[in-house]
Amino acid sequence: MQLPEPLLQSLEGVPGFDRDAFVSVHQSGAQVTSVRFNPAKPVSGTGGHGLPLAGAVPWTQHGYYLEHRPSFTFDPLFHAGTYYVQEASSMFLEQALLQHAEVTQPLRVLDLCAAPGGKSTHLQSLISEGSLLVSNEVIKARAAILTENLTKWGGSNVVVSNNDPAHFARLEGFFDVLVVDAPCSGSGLFRRDPEAIGEWSPSAVQLCQGRQQRILADAWPALRQDGLLLYSTCSYSPEEDESILDWLMETFDCESLPLQRPDAGIVEIRSPRGAWGYRFYPDKIKGEGFFLAAIRKRDAATAPRHKVKSLEMLSQKESAALHRWMDGDGLRFLRHGQRVFAFPEDAVSDLVILQSALYLQSAGTVLGEPIRDKLVPDPALALSPRVSEEVLRCPLDYDNAIRFLQRQDLSLDAPKGWQLATFAGVALGWMNVLPNRVNNYYPREWRIRAQAPSPGPDPAGAPEGTFEK
């Protein structure tokens, strides 16, 4: 691996940079794989997930390193949303949130550049059930991937939006926490993605710096006074890290916040204007390149006022019929078009405001479409941890679970009617057992397109699942 000499020269004198060690770790070919488990979806059985665990990530509660990278594509528990494959360094977001936000209280959180969903799924696991997470992605195709990953994660207190950052200025002072994992030049991921080296240049760094400033300036009004901004990149370049912090300090009324470091290898820096930042180098920690800073907004902000249309609430009788499908405690059942969905009751008024200001891709947990007093259940309901215990379940062995995820036909001896296809006690999706066949309702766009390798679920060289910076 030949690292760009202009990058190495630009890092001389940057705190924590050791040229020889930095070059050596990149040329070693070493790879680090890590996952973060979903606390809302524990896996039954003594075997658990069956992943080759190699110790905990020290700055997050549910993150673990793996001894090697298995084939996530052919692991049913990956598709069930029991874990997310995420780069270890980026899990440091947890420390910043827990140290400077009251996560036990209801919070409105905006993950502005959220696709494919690593930080959003992490945030959803950290905030309370009474909180609201808005996960935004400006590129429509990536917003669809974000929706899929959050649906599999299973939270009902999540809204996915597909908006430009400038649109959030309409929501002045609305959010308590703003997370900006900014688009960057990507030098922190060179070890994982060597092809990115060819796309890096000093001009790309300058371009990204300007984009990062525009994104922050556009979204800043949406953060309330005394709200928390968590800014991160996967770039080593000071122009995208320390210089952005100084620009924030010069442009807005804000305060930089220090963080406690659970690992001595995390490098604490002070920008020229005294802002705190935290650098991750792969020769000093077990992870990839990463930068994170926490900022407290001091500017005054005014709560948004909008002319809004009310949402269509289901009647008490209609809602009662849905409780056999879903534990609705603390949730409100609503109708949008032909489908019904569940959303936290205390956040319905927030949803009214959001739908008046933004383009929403999804909200809450979609239960399905009522047809002639019966419900055709939605995939999101199957993947919710709150799906009712009354719903029939059909345990599948590994081979049938893969066939189900490939959307192939199944031959099963099972009771008739709608039921959950499960693996290791965790739901994968819906099937409808009829007298002469089993209808597989796994979403076509989610299906595994490759044929399962042989033997077993963990062969070398098999396709891999989502991996997020």
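Keep in mind that this is a model prediction, so the values were computed, not measured. (Residues numbered from 1 in each chain as written. Predicted model: local features only at pLDDT ≥ 70, side-chain atom pairs only at ≥ 80, totals over all residues. Heavy atoms only, no water.)

Another aspect to go through is the domain arrangement of the chain. On domain assignment, one finds that the chain holds domain 1 (87–297), domain 2 (309–390) and domain 3 (392–449). The straight-line distance from the C-alpha centre of domain 1 to that of domain 3 is 38 Å. (Domains from an automatic or database assignment.)

Here the UniProt-annotated "active site" (unreviewed entry) positions come out as Cys234. Tracing the backbone shows cysteine 234 in the loop between strand S9 (223–233) and helix H8 (242–251). (UniProt positions renumbered as here; feature names shortened; annotations may be inferred. Helix = DSSP H or I, 4+ residues; strand = E, 2+ residues; numbered from the N terminus.)

Spatial strand order, S14-S15-S16-S18-S19: five strands in an open sheet with antiparallel pairing. Pairing within the sheet leaves two strands with one partner each, and these edge strands are strand S14 (312–313) and strand S19 (374–377). Pairing of S14 with strand S15 (residues 331–336) involves two bridges; the strand directions are antiparallel. Along S15, the bridge assignment pairs methionine 313 with leucine 334. Of the strands in this sheet, S14, S15 and strand S16 (339–344) touch helix H10 (residues 348–357), which is tilted by about 120° from S16. (Pairing = 2+ DSSP bridges. Contact = heavy atoms within 4.5 Å. Axes fitted to C-alpha atoms, helices over the stretch in contact; angles between N-to-C directions.)

In this structure, Val180, Leu248 and Phe343 are the most contacted members of the largest nonpolar core, which totals 62 residues. Here this core gathers at least three residues from each of two domains, domain 1 (87–297) and domain 2 (309–390). Discounting residues that sit within four places of it in the chain, valine 180 has contacts with Leu112, Cys113, Ile215, Leu216, Leu229, Leu230, Tyr231 and Ser232. If you look at the next biggest cluster of nonpolar residues, it comprises 38 residues, including Val103, Leu123, Leu126 and Leu150. (Core = buried A, V, L, I, M, F, W, Y, C linked by side-chain atoms within 4.5 Å. Buried < 20%, exposed > 50% of the residue type's maximum accessible area, 1.4 Å probe, protein only.)

Another point: empty space enclosed by the protein. According to the stated counting rule, one finds one cavity of 30 Å³ or more in the structure shown. Here the largest cavity is characterised by a volume of approximately 40 Å³. Lining the largest cavity, in full, are Arg36, Phe37, Pro39, Thr60, His62, Glu94, His122, Ser125 and Leu126. Listing elements by their share of the lining of the largest cavity, those giving two or more residues are strand S1 (33–37) and helix H5 (118–126). (1 Å grid on protein atoms, 1.4 Å probe; cavity = no way out; pocket = protein on both sides within 12 Å on 5 of 7 lines; lining within 4 Å. Points joined across faces, edges and corners; volume = space filled by probe spheres on them.)

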